[in-house]
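Structural features, examined
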Amino acid sequence: MSEPVRPASRPAGARAVRALLTDPVLPVAALAIAMIAAVLHAPVLTWAVTGGLAGYSLSGSV
């Protein structure tokens, strides 16, 4: 019986890059910053959404 074939090992640099790309810290940090920005701009975003919905309904698209 033959031995199982092992995949070639990756260099240490490739493992480090892969670990950074798959680490959930960066996406979580980006979402946290976006959440804080949205909270700080909540009144403007509320009026923007309200205005968009009003324009959509008044344009006859509904």
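Read on for an overview of the structure. (Residues numbered from 1 in each chain as written. Predicted model: local features only at pLDDT ≥ 70, side-chain atom pairs only at ≥ 80, totals over all residues. Heavy atoms only, no water.)

1. A closer look at the overall build of the protein
- Per the secondary structure count, the protein includes three helices and zero strands.
- The N-to-C order of helical and strand elements in the protein reads α-α-α.
- The 62 residues of the protein split such that 0% are buried.
- For the protein, the exposed area adds up to about 5800 Å²; of that, 73% sits on carbon and sulfur atoms. (Helix = DSSP H or I, 4+ residues; strand = E, 2+ residues; numbered from the N terminus. Buried < 20%, exposed > 50% of the residue type's maximum accessible area, 1.4 Å probe, protein only. Areas by Shrake-Rupley, 256 points an atom, 1.4 Å probe, with all protein chains shown as cover.)

2. So, helix H2 (residues 25-40)
- For H2, spanning 16 residues, the distance from its first C-alpha to its last is 23 Å, which sits close to the expected 22 Å at 1.5 Å a residue.
- The buried count for H2 comes to zero of 16 residues, which makes it a mostly uncovered element. (Expected span 1.5 Å × (residues − 1).)

3. Some details on the packing of H2 against helix H3 (residues 42-58)
- Running from amino to carboxyl end, H2 crosses H3 at an angle of 75°, the nearest separation of the two axes being 5 Å. As summarised for this structure, H2 and H3 are arranged roughly perpendicular, according to the angle between their axes. Contacts between H2 and H3 involve Ala-38, Val-39 and Leu-40 from the first element and Ala-42, Pro-43 and Leu-45 from the second.
- Looking at the contact of H2 with H3 residue by residue, the class counts come to six nonpolar, no polar and no charged. (Axes fitted to C-alpha atoms, helices over the stretch in contact; angles between N-to-C directions. Parallel < 35°, antiparallel > 145°, perpendicular 65-115°, else oblique. Contact = heavy atoms within 4.5 Å. Nonpolar A, V, L, I, M, F, W, Y, C, P; charged D, E, K, R; others polar.)

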